[in-house]
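Here is how the chains run, residue by residue.
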Amino acid sequence: MGRRPTFTTPLTRIRDTLVKYLIRPLDVFSPTARFYIGFSVLVVVTALLLFTNYSSAAYSEYKDGEVIKATVVSPTDVSTIDLAETVRRKEAARAETRPVFVFDSSRVETSAQSFQSAWEKLQTETEGNTRKGVPEWTGEGGAAVARAIIAHKFDPNELDRLTSLIREVGQGYVFDDKDALEMKREIVLVDVQRPKDQMVMPDPQTRMTSLSAARRTLELRIRNLSGWSKDETIALISAITPLVKPNVVLDQTATAAAREADADRVPSVRISLKRNQVVAREGDTVTPSIRMQFDAIKNSGNAGRPWQRLMGLLALVAALYWVAWKFTEHRSTAVTLRLTKERAFALIGSAILVQTILLRVGFVVGDSVAAQRANAPFTDPSIWNFGIPFAAAALLVAMLVDAQLAFMTGMVTSLFAGLLAQNGMQKSIYATVACAAAIYGIGRYRERQSVTIAGLLVGGSSAVMAVALLAYAEQPPTFKAVLLAMGTGLVSGLLTAIFTAGGLPINETVFGILTDVKLLELSNADLPVLGQMALRAPGTNQHSHAVGQLAEEACRAVNGNPLLARIGALYHDIGKLAAPDYFVENQQGSNPHDHLRPSQSAKIIISHVTYGKKLAKELGLPKAIRDFIPQHHGTRTLHFFLRKAQTEAKPDEVINPEEFRYPGPKPQSKEAAIMMLADSCEAAARSLAHPDPDNIRSIVVKIVDAIVSDGQLNECDISLREITTIRETMIHSLTAIYHARVDYPGFNPPSLTTSLPLLPRPDLDSEERGVYTRTSEVPINKAGEVEDEAVSKRVAKR
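Residues numbered from 1 in each chain as written. Predicted model: local features only at pLDDT ≥ 70, side-chain atom pairs only at ≥ 80, totals over all residues. Heavy atoms only, no water.

Quick word on the overall build of the chain
Looking only at helices and strands, the chain features 31 helices and ten strands. The proportion of buried residues among the 798 residues of the chain is 45%. Taking all contacts inside the chain whose residues are at least 6 apart in sequence as the whole, residues at least 24 apart take part in 79%. (Helix = DSSP H or I, 4+ residues; strand = E, 2+ residues; numbered from the N terminus. Buried < 20%, exposed > 50% of the residue type's maximum accessible area, 1.4 Å probe, protein only. Contact = heavy atoms within 4.5 Å.)

Put into structure tokens, the structure is as follows:
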């Protein structure tokens, strides 16, 4: 056959490689543990996607003075503390608190005594140490002060006059210049001599003197002293002015305590809103109060207890996924799904997860678009959100798995939409209707345009539902609002078709689903393997088509998958391409098995199964198609070849019956069982020389009974009633295919001068068909297998 084109796509090979490496770390776990690990990951990721509701984020985008674009209603009861406003009020209370100052009247006397002590010490040192030079001045000012005082011979009158100046200037209220700002408002003055006596001074600046002003006054009075030279006056100023110090000092500790006490007395600002309470109407101007209420609505969902909300959300999501799993498990027992229940749930879970991502993104985009508009109704995010493809996951599951599982998927995604949306109930209803329209508005997935049809149905129903919900919400029924709602509904249907069409081939490949569309693609006669079959094994090719017709009709009668059976029939005998002449339907004359040992013949015939499996795997045929190759023969034994081998065996030769048995397995599905029955019945009917209804019924009944008696149908889900229905359907179909036809001898019309020959009897059928005139001659073994190859052509033609 040369280089065989493969049905395996690059995406399939990439998928297989990725899955192999991703699953490898999980090989240490049991299948049950792997299921629960995947289930937990699915729940956590979905819950995180649902955790933060971005649809309320538009509230926080308003600033003071802006115009409200759409009426805002509290979605639930809100009772919370406005932390920002409470902090602002506490800060205002702290700023209004009177500062506390301490008055110490003894400071001026301390300064005067300090100057007098330095004077007296200088006098003592001068009188007792005349030989040591100028004594040291211990006060402010340095040696120049000592010289000035010594020059006046320590006149006690001058000492009294200078200390009096210090007392006169410093005996009032003197405050430090750095506290000048605090002196512009009321203060609390505490006398250190009488701490309990506190005085509130309303205008301290008029009753107190700053330190700089007091020192300037003292300096001016020193300059006006008589009897002192200019240099001596300067020396006195440097010694006396530093002695004037503030006797009113800010008490930092007491002031801070008073401020905190005032702040503590400020009550917390609470915001209380009732469910459905109108916070702001369209066209209102944003005020600080309105903005605080917007922030309260935004933060009400997760303020204070985010972990508690997350735990609750995890429980809700886990419960919904568990319901989905149990429904999938139940559904797999009621009907035959294309996937195992675990893989079906994996598909449903991944579809719901992707749908949740679409919902999250859709709500964010809808809010953002509404926030950028200035005029109603374009400022309403709930209208823009009608354009989200709510039904994408449900439509995908409907086309790939089952309608009932798809509706369950739609219900879960609708509930998730309600958790994300501001007006959750309305969006859940909208999503449910869209999913129902997608699921039940189309038939089987046999054409790619089915997705487009489903999208149109979703768009139409969504447009109607959008207008209905617009009326229910009591929105103004303006032309623009209705047109926008219908337009977004149609967009929802279009996006549903787009996302579903994009997801179909990916999920077909990832989960190995054989859809009707894929099956129809496999039936293309231009495919190389089918072309080779028609060219090199025309009898097998014709047999495959006939078996496909029989199997299709039988599957339709017992609610099987007729398309799968018909396509499987096209490939069930591709293994005969290795040696087509060794099978009776392709032989043109002699039978090669007449010259072979029975064991060799059996090996060649059985090898069409093993080679067919290998060839199908190399070609990349789907597993559902590959399974027909070994299962349509099951584990039946080639009894005629076995008996022939036993007859020809030498006395000491032991014949192993297993060498004459097909490797199996037995049919595992209803379609494979029908294929086994159709394959044997068609081969037997083809071998009859006169396939009249009685002969066909006789041989079909014989084959069906033999296959059932051999236990070949014990491993598939098929009942005796269905077997009877299949038998009658095949009898009817074979009778229709091989009905009797009269002969027309010759191709030249008779001469008009002679009499016309008599027509043959209507029941006469001289067309060459098979080689067996009686059904008892057909080589059907006790397992229902037709072994034409075991019969010599010379014997058959006798």
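So, the side chain of Asn507
Summarising the element assignment, Asn507 is placed in helix 19 (residues 479–510). Judged by relative accessible area, which is 12%, Asn507 ranks as buried. A distance of 2.7 Å separates a polar side-chain atom of Asn507 from the backbone oxygen of Gly503. (Polar contact = N/O pair within 3.5 Å; in protein donor to acceptor, adjacent residues only side chain to side chain.)

Concerning helix 23 (residues 562–571)
For helix 23, a buried count of nine out of ten residues is recorded, marking the element as mostly surrounded by other parts of the structure. All buried positions along helix 23 are accounted for by Pro562, Leu563, Leu564, Ala565, Ile567, Gly568, Ala569, Leu570 and Tyr571. Of the surrounding elements, those touching the buried residues of helix 23 are helix 20 (516–522), helix 21 (528–536), helix 22 (538–557), helix 25 (623–626), helix 26 (628–631) and helix 28 (670–687).

Observations concerning the environment of Phe641
As for its position among the elements, Phe641 is in helix 27 (residues 639–648). You can call Phe641 buried: its relative accessible area is 1%. Taking the C-alpha atoms as reference points, Phe641 and Gln600, 41 residues apart in sequence, are found 9.6 Å from one another. Discounting residues that sit within four places of it in the chain, Phe641 has contacts with His593, Pro598, Ser601, Ala602, Ile605, Phe660, Glu787, Glu789 and Ala790.

Considering the pairing of strand 3 (residues 100–103)
Where strand 3 and strand 5 (residues 187–191) come together, four bridges link them in parallel fashion. Across the sheet, the residue bridging to Phe101 is Leu189, located in strand 5. (Pairing = 2+ DSSP bridges.)

Brief notes about the packing of helix 5 (residues 143–151) against helix 9 (residues 230–240)
Axis separation between helix 5 and helix 9 bottoms out at 8 Å; the angle between their running directions is 120 degrees. One element, helix 5, and the other, helix 9, form an angle in the oblique class. In the packing of helix 5 onto helix 9, the handedness of the crossing is left-handed. Residues Ala144, Val145, Ala148 and Ala151 of helix 5 pack against Glu232, Ala235, Ser238 and Ala239 of helix 9. Its residues placed into classes, the contact of helix 5 with helix 9 shows six nonpolar, one polar and one charged. (Axes fitted to C-alpha atoms, helices over the stretch in contact; angles between N-to-C directions. Parallel < 35°, antiparallel > 145°, perpendicular 65-115°, else oblique. Left-handed = near helix turned anticlockwise from the far one by under 90°. Nonpolar A, V, L, I, M, F, W, Y, C, P; charged D, E, K, R; others polar.)

Side note on the pairing of strand 5
For strand 5, the buried fraction is high: five of the five residues fall into the buried class. Residues Ile187, Leu189 and Asp191 line one face of strand 5 and the alternating positions Val188 and Val190 line the opposite face, and both faces are buried. For strand 5 and strand 6 (residues 194–201), the ladder comprises five bridges, and the chain directions are antiparallel. Within the sheet, the bridge partner assigned to Val188 lies in strand 6 and is Val200. Turn length for the strand 5-strand 6 hairpin, with the two strands adjacent in sequence and antiparallel, is two residues.

Structural notes on the confidence of the model for the chain
Model confidence for the chain is summarised by a mean pLDDT of 85, while 89% of its residues fall at 70 or above. Note that residues 746–750 has pLDDT below 50 and, in this model, two contacts with residues that lie over four places away or in other chains. (pLDDT = per-residue confidence, 0-100.)

Quick look at unusual backbone geometry
Each neighbour pair has its own omega, and for Gly664 with Pro665 the value is 10 degrees, a cis peptide bond. Relative to the helices and strands, Pro665 is located in the loop between helix 27 and helix 28. Even without being a glycine, Lys153 presents a positive backbone phi close to 55 degrees. Following the sequence through the fold, Lys153 ends up in the loop between helix 5 and helix 6 (156–170). For Asn559, which is not glycine, the phi torsion reads 60 degrees and is therefore positive. Within the element layout of this structure, Asn559 appears in the loop between helix 22 and helix 23.

What to know about the packing of aromatic side chains
The geometry of an aromatic ring pair comes down to the distance between the two centres and the angle between the two planes. Going through the model one piece at a time under the given rule, you end up with 17 aromatic pairs. Judged by centre distance (6.4 Å) and plane angle (40 degrees), the rings of Phe378 and Trp384 are tilted. A relative accessible area of 28% places Phe378 in the partly exposed class. Using a relative accessible area of 23% as the deciding quantity, one classes Trp384 as partly exposed. When the centroid spacing of 6.0 Å and the interplanar angle of 45 degrees are considered together, the rings of Phe407 and Tyr440 count as tilted. Within this pair, whereas Phe407 is found in helix 16 (residues 403–420), its partner Tyr440 is found in helix 17 (residues 424–440), the two being separated by 33 residues in sequence. Among the residues examined, Phe407 registers a relative accessible area of 29% and is labelled partly exposed. Members of the aromatic cluster, joined through ring pairs, are Phe35, Tyr36, Phe39, Tyr321, Trp322, Trp325, Phe345 and Phe416. Directly above the aromatic system of Phe640 lies the positively charged group of Arg643, at a separation of 5.1 Å from the ring centroid. (Phe/Tyr/Trp six-rings, centres within 6.5 Å; stacked < 30°, edge-to-face > 60°. Lys NZ or Arg CZ within 6 Å of the ring centre and 35° of its normal.)

Focus: the pattern of salt bridges
Side-chain pairs of opposite charge can arise where the charged atoms are in close proximity. Tallied over the entire structure, the rule returns 31 salt bridges. Arg697 serves as the salt-bridge partner of Glu728, at 2.9 Å between the closest nitrogen and oxygen. Of this pair, Glu728 sits in helix 30 (residues 720–737) while Arg697 sits in helix 29 (residues 693–709), placing them 31 residues apart in sequence. On the accessibility criterion, Glu728 (30% relative accessible area) is partly exposed. Each of Glu552, Glu553, Arg556 and Arg566 takes part in salt bridges that share partners, so that together they form one network. (Salt bridge = Lys/Arg side-chain N within 4 Å of Asp/Glu carboxyl O.)

A closer look at a nonpolar patch on the surface
A contiguous nonpolar surface patch, about 420 Å² in accessible area, is contributed by Val28, Phe29, Ile37, Val41 and Val45. A relative accessible area of 33% places Val45 in the partly exposed class. (Patch = residues over 30% accessible without salt bridge, like charges linked within 9 Å, V, L, I, M, F, W, Y side chains within 5 Å. Areas by Shrake-Rupley, 256 points an atom, 1.4 Å probe, with all protein chains shown as cover.)

What to know about helix 3 (residues 83–96)
The terminal C-alpha atoms of helix 3, which comprises 14 residues, lie 20 Å apart, in line with the 20 Å expected from a rise of 1.5 Å per residue. Of the positions making up helix 3, those classed as buried are Glu85, Thr86, Lys90, Ala93 and Arg94. (Expected span 1.5 Å × (residues − 1).)

Things to note about the side chain of Thr496
Turning to its location among the elements, Thr496 is positioned in helix 19. Overall, the relative accessible area of 0% leaves Thr496 in the buried class. Residues contacting Thr496, with those up to four places away along its chain left out, are Pro389, Phe390, Ala391, Ala392, Leu395 and Val458.

Here we look at the nonpolar core
Core analysis: the largest hydrophobic core is formed by 67 residues, its most contacted members being Val317, Tyr321, Leu359, Phe390, Val401 and Phe416. Mapped onto this core, the elements with two or more residues apiece are helix 2 (31–51), helix 12 (306–334), helix 13 (341–371), helix 15 (392–400), helix 16, helix 17, helix 18 (449–472) and helix 19. With nine residues, the top contributor of residues to this core is helix 13. Ignoring any residue separated from it by four or fewer positions in sequence, one finds Phe390 in contact with Gln355, Leu359, Phe363, Asn385, Thr413, Ala417, Lys427, Tyr430, Ala431, Cys435, Ser492 and Thr496. (Core = buried A, V, L, I, M, F, W, Y, C linked by side-chain atoms within 4.5 Å.)

A few points about the packing of helix 24 (residues 598–619) against helix 27
Between helix 24 and helix 27, whose axes approach to 8 Å, the crossing angle comes to 160 degrees. Relative to helix 27, the element helix 24 lies roughly antiparallel. Like other packed secondary-structure pairs, helix 24 and helix 27 cross with a definite hand, here left-handed. Where helix 24 approaches helix 27, its residues Pro598, Ser601, Ala602 and Ile605 are matched on the opposing element by Phe641, Lys644, Ala645 and Glu648. Grouping the amino acids of the contact of helix 24 with helix 27 by side-chain chemistry returns five nonpolar, one polar and two charged.

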